[in-house]
Amino acid sequence: MTPKSAAAAARSTVYGYPRQGQGRELQKAIEGYWKGHVTADALRATAADLRRVNWQALAEAGIDEVPTGDFSAYDHVLDTTVMVGAIPQRHRAAVEADALDGYFAMARGTQDIAPLEMTKWFDTNYHYLVPELGPDTVFSADSAKQVAELKEALALGLAARPVLVGPVTYLLLAKPAPGVPADFDPLTLLDRLLPVYAEVLADLRAAGAEWVQLDEPALVQDRTPAELNAAERAYRDLGALTDRPKLLVASYFDRLGEALPVLAKAPVEGLALDFTEAAAANLDALAAVGGLPGKRLVAGVVNGRNIWANDLSKSLATLGTLLGLADRVDVAASCSLLHVPLDTTPERDIEPQILRWLAFARQKTAEIVTLARGLARGTDAIAAELAANRADLASRTGSPITRDPAVRARAKAVTDADACRAQPYPERAAAQRAHLGLPLLPTTTIGSFPQTGELRTARADLRTGRIDTTGYEERVKAEIQEVISFQEKTGLDVLVHGEPERNDMVQYFAEQLTGYLATQHGWVQSYGTRYVRPPILIGDISRPEPMTVRWTTYAQSLSDRPVKGMLTGPVTMLAWSFVRDDQPLGDTARQVALALRDEVNDLERAGTSVIQVDEPALRETLPLRAADRAAYLAWATEAFRLTTAGVRPDTQVHTHMCYAEFGDIVRAIDDLDADVISLEAARSHMQVARELAAHGYPREAGPGVYDIHSPRVPSAEEAAELLRTGLKAIPAERLWVNPDCGLKTRAWPETRASLENLVTAARTVRGELR
């Protein structure tokens, strides 16, 4: 096929779409089902309606081929676990009794059954449920969901392509099941898994699928020769099947690297590659392997992870280069649009000109369609769109909103000494023990307490004017009083004020910093039914006035025990925002760090002796390729130290991280130079404590003993046993007792019971040490 005919064949598609609906209808239906207010049939009907609305919106926008199977009631990796029959033994009875309840039991657990472990989906803020596999795992195909959703789309008269997690990525994301040796490699199950995928592919072909997409994002990471050989074998075997649809193997989030020649030679009909900034090297690499003669190339030229308007001229140039490298070039986003909000249209509080700088899922869809039309018909066919796009990009580049000379001058003046505590940790630890007077195995929580319906109502009433600021603040004070009183009665040693005034741990600060833009409807799924509204980092960052001092000081006035000041760290402020793409991330991190440094210093001056700067996203933002990590960790750890280094030796600095694999960043955790770190550990049975010990981590740590992402209440003995396990790795004088994460999403009854059991466990183990 000539480049001209390849262009004429160009079509538009996406790999996935936001699931929640414009008004988060899916979240409300699922949570209503959990509470018994919504029936299973009503939940399924809501989900079907949302799928239909999504597909029709894509088709009406001009998308030529819609995805199916990407829609999920909780998580697409969990859906894959169901599809291949890898149900853990402890969940099988629940699944057999009721498939829907059993599905949610795997995701959330029950009082009697622990859930699957949860961790981050590559370097995004989306969480997936980790498959548990072992040498005795028996796979079996269950393609009912995938076939049913394909048939729904085909019944609407749409060209549809099922999207599945690929077999290699599925196994690489898995972990050994409980009781299985830690060195068990799930990838050894590949030959057992491939026949199940073959059966699913045959079912989808029988249901009408022309193409099926198999997502293999794990192949953009550094992979061993054995892992690359497994990928080669997987697609050799799947490609050799006779009863199958055409196969499109997709990668995203980074360059494909050494896996590209493997997939380029595989007997599959197409590859989908990311060509945005993080994966720009794919272009030269594709040319180096001789392109994809005889294959379809789906080119991800629209960034599926950020919200800035695409540079259409630049993307067209990339697409033009690609025309000579494949028989057919189609246009797509770089990854599923799951990672961005649905639509900019409802954002009435953002200036119209600024709104034109932004592209959410629906706007990205329009960009994809425009690029496909321009590729197929030439630039004259999209001349108006190109002119408008150039004007919008120029408007942003020239806007004074994006530049603050004072902020830039301050950041430029930072020295190495500004990012170092004046005293080494042993001297600080002695000063802090003398000042705080805490017992062995001190107890605390991570920060937030339940955000009750009354609090959310009060916040909504303030926005709509139904109550004034005075009335709202009285409600916040009452909640702080209740939280402090409960913690004192329960016996916690270091208290928190509970954060009742905060809507979100990033958004709350973003709304008080210059350079940030907040949305009203920009919801993005974090996990399950947990949705967040990431703020948009649009300009240079500064702090006009204190953000937390007032409420922390008020809480401290209610107790003689130390109350932690609570801040979100600079890396997490970036990772959980949509960051600007017009300067290096390290430069932006330094600006945020300096603004937070002012807040830390003001908290200390106000009498706060314990200050926690949360960095749950430090591991999440780690580059997928090892070669890129040193530079990232250098600016990320410097930003944290720049935030915290200005305090006295007797002020104790805490940090917190959750739901990620920490083994490969233990050195960076050490480099933060925090006095105390708390980490997720309950679902992983104290794995992180062992990792810290193996590194020789010299400071205090609180590996969590209470999994807050499940509604189950851990018993005092269960928490005590986790503590005993932690003590095998961390000495008692350096071990803290705390939950895995904040308690914002939990209800008060389970919170009370769980924290009471946590304190009882600490006292029990403390007594055993005497």
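Residues numbered from 1 in each chain as written. Predicted model: local features only at pLDDT ≥ 70, side-chain atom pairs only at ≥ 80, totals over all residues. Heavy atoms only, no water.

Engineer: Can you help me understand empty space enclosed by the protein in this one?
Structural biologist: Taken as a whole, this structure holds seven cavities of 30 Å³ or more when the rule is applied. Here the largest cavity defines a volume of roughly 470 Å³. Broken down by secondary-structure element, the contributors of at least two residues to the lining of the largest cavity are strand 13 (524-527), strand 14 (530-532) and strand 16 (565-568). No other element matches the three residues that strand 16 contributes to the lining of the largest cavity. Taken together, the residues of the lining of the largest cavity sort by class into 12 nonpolar, 11 polar and seven charged. Quantified by volume, the second largest cavity comes out at close to 270 Å³. Secondary structure elements with two or more residues in the lining of the second largest cavity: helix 4 (76-83) and strand 5 (160-165). (1 Å grid on protein atoms, 1.4 Å probe; cavity = no way out; pocket = protein on both sides within 12 Å on 5 of 7 lines; lining within 4 Å. Points joined across faces, edges and corners; volume = space filled by probe spheres on them. Helix = DSSP H or I, 4+ residues; strand = E, 2+ residues; numbered from the N terminus. Nonpolar A, V, L, I, M, F, W, Y, C, P; charged D, E, K, R; others polar.)

Engineer: Honestly, the pairing of strand 17 (residues 610-614) in this entry has me stumped. Any pointers?
Structural biologist: For a regular strand, the rule is simple: side chains alternate between the two faces of the sheet. Across the five residues that make up strand 17, a large majority, five, are buried. Going residue by residue along strand 17, you find V610, Q612 and D614 tucked away on one face and I611 and V613 tucked away on the opposite face as well. Pairing geometry for strand 16 and strand 17, over four bridges, is parallel. Within the sheet, the bridge partner assigned to M566 lies in strand 17 and is Q612. Summarising the sheet, strand 17 and strand 18 (residues 652-657) pair through three bridges and their orientation is parallel. By the bridge assignment, I611 is partnered in strand 18 with V653. Traced from strand 17 through helix 25 (residues 629-644) to strand 18, the parallel crossover comes out right-handed. (Buried < 20%, exposed > 50% of the residue type's maximum accessible area, 1.4 Å probe, protein only. Pairing = 2+ DSSP bridges. Right-handed = clockwise from strand over helix to strand, strands pointing away.)

Engineer: Help me out: how do you make sense of unusual backbone geometry in this one?
Structural biologist: Excluding glycine, residues mostly have negative phi values, and the peptide bonds linking residues are mostly trans. Of note, R24 is a non-glycine position whose phi angle comes to about 55 degrees, a positive value. Of note, R24 is situated in the loop between helix 1 (3-8) and helix 2 (25-34). Backbone geometry places F122, a non-glycine residue, at a positive phi of 55 degrees. If you trace the backbone, F122 turns up in the loop between strand 2 (118-120) and strand 3 (127-129). When its relative accessible area of 9% is taken as the criterion, F122 is described as buried.

Engineer: So what exactly am I meant to see when it comes to the side chain of T608 here?
Structural biologist: Take T608: it is sitting in the loop between helix 24 (585-605) and strand 17. Take T608: its relative accessible area is 3%, and that puts it in the buried class. If we ignore the near neighbours within four places in the chain, the residues touching T608 are T552, V563, K564, G565, L603 and T651. (Contact = heavy atoms within 4.5 Å.)

Engineer: I keep staring at helix 25 and nothing clicks. Help me out?
Structural biologist: Two residues of an α-helix separated by three or four positions point the same way, owing to the 3.6 residues in each turn. Taking 1.5 Å of rise per residue, the 16 residues of helix 25 would be expected to cover 22 Å, and the 23 Å separating its terminal C-alpha atoms lies within 8% of that figure. Of all 16 residues that make up helix 25, 12 are buried, and the element is covered over most of its length. Along helix 25, the positions that sit buried rather than exposed are R629, Y632, L633, W635, A636, T637, E638, A639, F640, L642, T643 and T644. On its buried side, helix 25 packs onto helix 23 (570-575), helix 24, strand 17, strand 18 and helix 26 (666-671). (Expected span 1.5 Å × (residues − 1).)

Engineer: When you look at the packing of aromatic side chains in this model, what are you seeing that I'm missing?
Structural biologist: To describe a pair of aromatic rings, you give the distance between the ring centres and the angle between the ring planes. Evaluation of the coordinates by the stated rule reveals 14 aromatic pairs. Measuring from centroid to centroid gives 5.5 Å for Y103 and F104, while their planes differ by 75 degrees, and the two rings are edge-to-face. For the pair Y103 and F104, a shared accessibility class is recorded, and that class is buried. An aromatic cluster of at least three residues, connected via ring pairs, comprises Y15, W121, F122, Y128, Y252 and F253. We note R108 situated over the ring of W34; from NZ or CZ to the ring centre the distance is 3.6 Å. Above the face of the Y554 ring, K477 is positioned so that its terminal group lies 5.5 Å from the ring centre. (Phe/Tyr/Trp six-rings, centres within 6.5 Å; stacked < 30°, edge-to-face > 60°. Lys NZ or Arg CZ within 6 Å of the ring centre and 35° of its normal.)

Engineer: Please clarify how the environment of A9 should be interpreted in this entry.
Structural biologist: Relative to the assigned elements, A9 resides in the loop between helix 1 and helix 2. In this structure, the C-alpha to C-alpha distance between A9 and T452, residues 443 residues apart in sequence, is 54 Å. Once you skip the residues sitting within four places of it in the chain, A9 turns out to touch R328 and D330.

Engineer: So what exactly am I meant to see when it comes to the nonpolar core here?
Structural biologist: Note on soluble globular proteins: their nonpolar side chains tend to be buried together. Counting residues in each nonpolar core, the largest one holds 120 residues, and the members touching the most others are Y170, Y235, L319 and L358. The dominant element in this core, judged by the number of residues it contributes, is helix 9 (residues 190-206), at eight residues. Beyond its immediate stretch of four places on either side in the chain, Y235 contacts G166, P167, V168, L214, E216, V249, L263, A266, P267 and V268. If you look at the next biggest cluster of nonpolar residues, it comprises 96 residues, including I484, Y516, Y632 and L679. (Core = buried A, V, L, I, M, F, W, Y, C linked by side-chain atoms within 4.5 Å.)

Engineer: How should the sheet that holds strand 7 (residues 211-215) be read in this particular structure?
Structural biologist: Taken together, the seven strands give an open sheet; going across it, the order is 1-5-7-8-9-10-11, and neighbouring strands pair in parallel fashion. The two strands at the open ends of the sheet, each matched to only one other strand, are strand 1 (66-68) and strand 11 (326-333). For this sheet, the mean angle separating the axes of adjacent strands, direction not counted, is 30 degrees. Of the strands in this sheet, strand 10 (292-302) and strand 11 are in contact with helix 15 (residues 361-377), which crosses strand 11 at around 155 degrees. (Axes fitted to C-alpha atoms, helices over the stretch in contact; angles between N-to-C directions.)

Engineer: Just to check I follow, could you spell out the pairing of strand 11 for this structure?
Structural biologist: Counting buried positions along strand 11 gives seven out of eight residues, so the element sits mostly inside the fold. Sheet topology note: the strand 10/strand 11 ladder contains seven bridges and is parallel. From the neighbouring strand, G300 faces strand 11, where its bridge partner is A332. Handedness of the crossover joining strand 10 and strand 11 through helix 13 (residues 312-322): right-handed.

Engineer: What exactly am I supposed to notice about the pattern of salt bridges here?
Structural biologist: Two side chains that carry opposite charge are able to pair once their charged atoms sit near each other. Under the counting rule described, the total for this entry stands at 60 salt bridges. We note a salt bridge from R746 to E750, for which the minimum N-O separation is 2.2 Å. Its relative accessible area of 11% is what places R746 among the buried residues. Among the residues examined, E750 registers a relative accessible area of 15% and is labelled buried. Sharing partners across several salt bridges, the network here consists of R396, R403, R408, D540, R580, D581 and D582. (Salt bridge = Lys/Arg side-chain N within 4 Å of Asp/Glu carboxyl O.)

Engineer: Hey, could you run me through the sheet that holds strand 17 in this one?
Structural biologist: The strands making up a sheet associate through hydrogen bonds between their backbones, and the pairing can be parallel or antiparallel. The strand order across the open sheet built from five strands is 16-17-18-19-20, with neighbouring strands paired in parallel fashion. Two strands in the sheet have a free side with no partner beyond their single neighbour: strand 16 and strand 20 (700-703). Across the sheet, the mean angle from the axis of one strand to that of its neighbour is 20 degrees, orientation sign disregarded.

Engineer: It is not clear to me how the packing of helix 20 (residues 469-490) against helix 29 (residues 748-769) should be interpreted in this structure. Could you clarify?
Structural biologist: Two packed helices can be described by the angle between their axes and the distance between those axes. Put simply, helix 20 and helix 29 touch, their axes get as near as 10 Å, and they point 30 degrees apart. In this structure, the crossing between helix 20 and helix 29 has a hand that is right-handed. Between helix 20 and helix 29, the contacting residues are E479, E482, V483, F486 and T490 on the first element and W748, R752, L755, E756, V759 and R763 on the second. In the contact of helix 20 with helix 29, the residues fall into five nonpolar, one polar and five charged. (Left-handed = near helix turned anticlockwise from the far one by under 90°.)

Engineer: I'm lost on the side chain of N389 in this one. Help?
Structural biologist: Here N389 shows up in helix 16 (residues 383-398). With relative accessibility at 6%, the residue N389 sits in the buried group. In contact with N389, not counting residues within four places along its chain, are N310, D311, L312 and S313.

Engineer: Before we go on, may I ask you to explain the environment of D675 in this structure?
Structural biologist: For D675, the position within the fold is in the loop between helix 26 and strand 19 (676-679). Looking at D675, the relative accessible area reads 0%, which means it is buried. With 651 residues separating them along the chain, D675 and R24 place their C-alpha atoms 40 Å apart. Side-chain polar atoms of D675 contact the side chain of Q432, separated by 3.0 Å. (Polar contact = N/O pair within 3.5 Å; in protein donor to acceptor, adjacent residues only side chain to side chain.)

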